[in-house]
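# Structural description and commentary
Below are the chains, spelled out letter by letter.
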Amino acid sequence: VFNDLNENGRQGPGEAGRKDAVVFLDANGNGLLDTGELSDTTDADGVYELRVDGGASYRVVLKPALSFISVGPSQYNKVTVAPGASTVRRFATKTI
């Protein structure tokens with residue numbers, strides 16, 4: 001998760017990670033972080049980790065916050081993870 005200063009959807013020089021953003025797997029597709037849904041909070045570099053079983057698709061969601069909004073068409077990514085693999089999904093945001 002990063003602060004997309006030029007709003008191009010790609011992390012570039014000077015576009016720092018966003019600390020304390022919450023990212024979660026939206027198991028029921030309602031866009032809300034519900035009890036039992038896997039989540040993580042980003043570190044100082046905007047990095048999060050959600051450990052899941054491979055061979056499935058997941059809806060990875062950036063939880064809305066008062067201090068920033070998502071840049072781009074969506075606040076979630078549909079991700080398919082192969083068995084034994086890992087994947088990276090970034091969320092571009094801007095300060096409001």
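Look above for the structure.
Quick look at the structure, then. Bear in mind that the values here come from a model prediction, so they are computed numbers and not experimental data.

Two orientations exist for strands paired in a sheet by backbone hydrogen bonds: parallel and antiparallel. If you trace the four strands from one edge of the open sheet to the other, you get β3-β2-β4-β6, paired in antiparallel fashion. With partners counted over all chains shown, the strands left at the sheet margins are β3 (39-41) and β6 (76-81), one partner each. When the angles between neighbouring strand axes are averaged without regard to direction, this sheet yields 25°. As paired strands, strand β4 (residues 56-62) and β6 are joined by six bridges and run antiparallel to one another. Opposite Ala56, over in β6, you have Val81 as the bridge partner.

Okay, the sheet that holds strand β5 (residues 68-70) next. Spatially, the three strands line up as an open sheet ordered β1-β7-β5, and their pairing is mixed. Strands with a single pairing partner mark the edges of an open sheet, and in this sheet they are β1 (2-3) and β5. Bridge count for β5 against strand β7 (residues 92-95) is three bridges, and the pairing is antiparallel. Residue Ile69 lies in a different strand from β7, and its bridge partner there is Lys94.

About the thresholds
- Residues numbered from 1 in each chain as written.
- Predicted model: local features only at pLDDT ≥ 70, side-chain atom pairs only at ≥ 80, totals over all residues.
- Heavy atoms only, no water.
- Pairing = 2+ DSSP bridges.
- Helix = DSSP H or I, 4+ residues; strand = E, 2+ residues; numbered from the N terminus.
- Axes fitted to C-alpha atoms, helices over the stretch in contact; angles between N-to-C directions.

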